[in-house]
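# Fold and contact review
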Amino acid sequence: MEVLAKKEKLYNRWIIILSIAIPVAVAFLFTIRIPGVPRLGFLPPIYATINGLTAVLLIAAVIQIKKGNRVAHENIMKICIGLSLVFLVLYVVYHATSDSTIFGDTNLDGELSSAENSSIESFKYIYYFILISHILLSIGVIPFVLVSYVRAVLGKFEMHRKIARITFPIWLYVAVTGVIVYFLISPYYPA
């Protein structure tokens, strides 16, 4: 029992460190531009696909555990964590080669009708609500994912279930809204 308590304490330290270090590192990396590398415009559809696949797999993992298939659930969850890490790397690399895209920036110099401009302007608030909630929850879900994973690794399945009931909908929201954000911003990516 004492060994398990020591492991849990060590894991909890790592959860705190990673929950702070990942968002700080990403924010820092956003300030870096890789010189001489052209915009890697092929990456956003790839990482949007990764988000979509993560959402599907999260649902599949819940289905598997409800069927009592713990091994399949565990394997799917490991894939989801791996996909999230791949997403993060691709996202940072893309933004290290590209400026942020502004919603509604058509670069058409007034070629849109006033009705089209008004429509874009109205929809902008919905887009930014989805984007901001996606970003904030993607940061907030990190400790939940890590705690859920550690509790399962330590065999604390009742505690795992309790935190997973919170983690799942947040992670699913982040994955789904990642795809939505991509589809809403993609018309405004530079050619």
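Here the structure is a predicted model, which is why all the values come from computation and not from measurement. (Residues numbered from 1 in each chain as written. Predicted model: local features only at pLDDT ≥ 70, side-chain atom pairs only at ≥ 80, totals over all residues. Heavy atoms only, no water.)

Glancing now at the layout of surface pockets. Regions of empty space are outlined by a rolling probe, equal in size to a water molecule, passed over the atoms. Roughly 1100 Å³ of volume is contained in the largest pocket. In terms of lining, the largest pocket is formed by 44 residues, of which the most central are Phe-87, Leu-88, Tyr-91, His-134 and Ser-138. Sorting the residues of the lining of the largest pocket by element identifies helix H1 (2-29), helix H2 (43-66), helix H3 (70-95), helix H4 (114-153) and helix H5 (157-185) as the ones contributing at least two each. If you tally residues by element for the lining of the largest pocket, the top one is H4, at twelve residues. Of the voids in this model, the second largest pocket is the one considered here, and its volume is about 690 Å³. Along its surface, the second largest pocket is lined by 23 residues, and Ile-65, His-73, Met-77, His-160 and Ala-164 are the ones closest to its centre. Elements that contribute at least two residues to the lining of the second largest pocket include exactly H2, H3, H4 and H5. At eight residues, the largest contribution of residues to the lining of the second largest pocket is made by H5. By residue class, the composition of the lining of the second largest pocket is 13 nonpolar, four polar and six charged. (1 Å grid on protein atoms, 1.4 Å probe; cavity = no way out; pocket = protein on both sides within 12 Å on 5 of 7 lines; lining within 4 Å. Points joined across faces, edges and corners; volume = space filled by probe spheres on them. Helix = DSSP H or I, 4+ residues; strand = E, 2+ residues; numbered from the N terminus. Nonpolar A, V, L, I, M, F, W, Y, C, P; charged D, E, K, R; others polar.)

With their axes 14 Å apart at the nearest point, H3 and H5 run at an angle of 45 degrees to one another. The angle between H3 and H5 falls in the class oblique. H5 is crossed by H3, and the crossing has left-handed handedness. Residue-level contacts link Arg-70, His-73, Met-77, Cys-80, Ile-81 and Ser-84 of H3 to Phe-157, His-160 and Trp-171 of H5. Across the contact of H3 with H5, the residue classes tally to five nonpolar, three polar and one charged. (Axes fitted to C-alpha atoms, helices over the stretch in contact; angles between N-to-C directions. Parallel < 35°, antiparallel > 145°, perpendicular 65-115°, else oblique. Left-handed = near helix turned anticlockwise from the far one by under 90°. Contact = heavy atoms within 4.5 Å.)

With that settled, consider the environment of Leu-40. Relative to the assigned elements, Leu-40 resides in the loop between H1 and H2. Distance from Leu-40 to Ser-19, taken between C-alpha atoms, is 28 Å for residues 21 residues apart in sequence. Contacts of Leu-40, omitting those with residues within four sequence positions, involve Val-93, Tyr-94, Thr-97 and Ser-98.

For the coordinates displayed, the defined rule picks out four salt bridges. Residue Glu-8 is joined to Lys-156 by a salt bridge in which the shortest nitrogen-to-oxygen separation is 2.5 Å. You can see Glu-8 sitting in helix H1 and its partner Lys-156 sitting in the loop between H4 and H5, a full 148 residues away along the chain. Notably, a salt bridge pairs Glu-158 with Arg-161, separated by 2.4 Å at the nearest N-O pair. Residue Glu-158 and its partner Arg-161 are both found in helix H5; the two are separated by three residues, about one turn of the helix. Residue Arg-161 is classed as partly exposed on the basis of its relative accessible area of 37%. (Salt bridge = Lys/Arg side-chain N within 4 Å of Asp/Glu carboxyl O. Buried < 20%, exposed > 50% of the residue type's maximum accessible area, 1.4 Å probe, protein only.)

What follows deals with the nonpolar core. If you look at the biggest cluster of nonpolar residues, it comprises 30 residues, and the most contacted ones within it are Tyr-47, Phe-103, Tyr-127 and Trp-171. For this core, the secondary-structure elements that each account for two or more residues are H2, H3, H4 and H5. Not counting chain neighbours up to four residues away, the residues in contact with Tyr-47 comprise Phe-87, Leu-90, Tyr-91, Tyr-94, His-95 and Tyr-189. (Core = buried A, V, L, I, M, F, W, Y, C linked by side-chain atoms within 4.5 Å.)

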